[in-house]
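Okay, here's what each chain looks like letter by letter:
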Amino acid sequence: MGQLKIFNSLYRTKVLFQPIETGKVGIYVCGMTVYDFCHIGHARVMVVFDVVARYFKYLGYEVKYVRNITDIDDKIIARANEAGEDFSVLTTRFIKEMHHDEADLNVLRPDLEPLATESIDDIIRMINVLIERENAYVGDNGDVYYAVESFEKYGQLSGRKLDDMNAGERVEVDTNKRNPFDFVLWKPAKAGEPSWPSPWGEGRPGWHIECSAMATCCLGDQIDIHGGGMDLQFPHHENEIAQSEAATGVHYVNTWMHNGFVRIDDEKMSKSLGNFFTVREVLKKYRGEEIRFFVLSSHYRSPLNYSEEQLNESRSALERLYTAIRDVEPKRHHIKSDYIERFEEAMNDDFNTAKAISVMFECANDINKQRSLDPEQASLMAGDLLQMAEPLGLLAQDPNEYLQSTTGSDAAISNDDIDSQVTKRLQAKADKDWALADQIRDELKAQGVIVEDKGKETSWRRA
RNA sequence: GGCUGAGUGGCAGAGUGGUUAUGCAGCGGCCUGCAAAGCCGUGUACAGCGGUUCGAUUCCGCUCUCAGCCUCCA
């Protein structure tokens, strides 16, 4: 086995991965705040870390993959108020929707999905420790704050110093804080807001503390890998380190992984900018696997520019891959082929999925060449192709079913109607009525159906 | 102002101190009733300027441009 290297945001270099416990890996990823549908940026996190977890399994690791759900915060409360419903009704609904989107993207469920609201005891316990150790204090307004100056290494992850940051440039400084970068651990509830009892009165946790508490609770004081979007690097993950390491005295995370953003017109896709596409919307025109391929077609740390043109290319690319294994019986190799070697080499290099996929295409090309020359060889190569696709979560469907599946959730001509047209065309062909045969083919094409003749047989697919 | 990261052929996107990425699109050919799929062939790409080197797209420096973080955001 090659050696897996991962780019560690903490050191800004690729580092050989060393598990805390041999053969095992614990992964914690910051998941969704559930007050709305997932957008493509969320899809990227889900897919990227799904591949990370899958690849570790592929390498033979015992994986414990934890991805939390933030189900209490200001925005959730605001949304619930707008909708006139209890916040938990809202969050339960969007958790369900999130799982729905994940399934469409062939994202495997994490092993654990802890909820902030079910971790209140752990959160309170951790805040207590922080107060005892004088890393936290209660402000005049009743908020409990973390004192960033009490943590020497504050800024290590984001590579910034407290003095260099422009506090108050964009947001007014809260005078209850000792340092403008102090952040809330516990917040008293206003009338009518959801709250939990605590030593500091009825209230709710701040955002950062929940992840520290849940990660520690699920994976222990020290964890192998912690991931999330780049925008979480500061302040969220910086604050997590400060909280956890102050509370446990142990090095919190060995490897920090951050994925790049999805962009639209070279601008970050985000909720605050309002320029986002939900997974739901995109699924109206594209298959889930096409979105997944699109995400994996570039390296996870690079920006990913969203466009229909890109999605169309992903569609063509998947068509090529599925077409290659259509009508070939895949067989598993006993030895590791050159493809697999190169695939693993790419994946071992910081999960270079773009490069890994290029190996898959070379394999597909060879299958196409060998298909008629040496079917046995083609079968073995198809086995290789599927072996490579598995950790990427691609090519999991039956090729013909995939190729004939509708290209989105929008209404389309039914399979039955296509079949009857194809039958009509076969008759026309038998009659050598080429004009009619071509007309039927053109009509089907106008409805997104491509007809392919192979001798006396005719197959079709949707494009 | 501070701190990151990036600039590759028509598009997308890997990578490398000297040799073909890969996909899509294009062009020519084979196959086909015609197509489609597939196969074969086909592209003077590495922001600019200097430097190191026998040789740099790849290393170093500077310049320009873009993006991100410093507020909630995946």
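Residues numbered from 1 in each chain as written. Chains lettered and ligands numbered in written order. Predicted model: local features only at pLDDT ≥ 70, side-chain atom pairs only at ≥ 80, totals over all residues. Heavy atoms only, no water.

**Digging into the domain arrangement of chain A**
Assigned domains within chain A: domain 1 (5-263), domain 2 (308-403) and domain 3 (415-462). Measuring from the centre of the C-alpha atoms in domain 2 to the corresponding centre in domain 3 gives 29 Å. Between domain 2 and domain 3 lies a buried interface of about 390 Å² when both sides are counted; carbon and sulfur atoms form 27% of it. Sorting the residues of domain 2 by area buried against domain 3 places Glu319, Arg326 and Leu403 first, and these three jointly supply 87% of that buried surface. Between domain 2 and domain 3 we count 3 salt bridges in total. The partner of arginine 326 in a salt bridge is glutamate 452, with the nearest N and O atoms 3.0 Å apart. At the junction of domain 2 and domain 3, the tally comes to 3 residue pairs in polar contact (both at pLDDT 80 or more). (Domains from an automatic or database assignment. Buried area = accessible area lost by both parts, 1.4 Å probe. Salt bridge = Lys/Arg side-chain N within 4 Å of Asp/Glu carboxyl O. Polar contact = N/O pair within 3.5 Å; in protein donor to acceptor, adjacent residues only side chain to side chain.)

**Details of the pairing of strand β3 (residues 24-29)**
Counting buried residues in β3 gives 5 out of 6 residues, a clear majority hidden from the surface. Note that the unit made of β3, helix α1 (residues 40-58) and strand β4 (residues 62-67) has a crossover that is right-handed. Two strands pair when backbone bridges link them, and β3 and strand β9 (residues 223-229) are joined in this way by 3 bridges, in the parallel orientation. Bridge pairing in β9 places isoleucine 27 opposite isoleucine 225. (Buried < 20%, exposed > 50% of the residue type's maximum accessible area, 1.4 Å probe, protein only. Helix = DSSP H or I, 4+ residues; strand = E, 2+ residues; numbered from the N terminus. Right-handed = clockwise from strand over helix to strand, strands pointing away. Pairing = 2+ DSSP bridges.)

**With respect to the sheet that holds β9**
One open sheet holds the 4 strands; their spatial order is β4-β3-β9-β10, and the pairing between them is parallel. In this open sheet, the two strands that pair with only one neighbour each are β4 and β10 (253-259). Adjacent strand axes in the sheet meet at a mean angle of 20 degrees when their direction is disregarded. Here 6 bridges tie β3 to β4, and the two strands are oriented parallel to one another. (Axes fitted to C-alpha atoms, helices over the stretch in contact; angles between N-to-C directions.)

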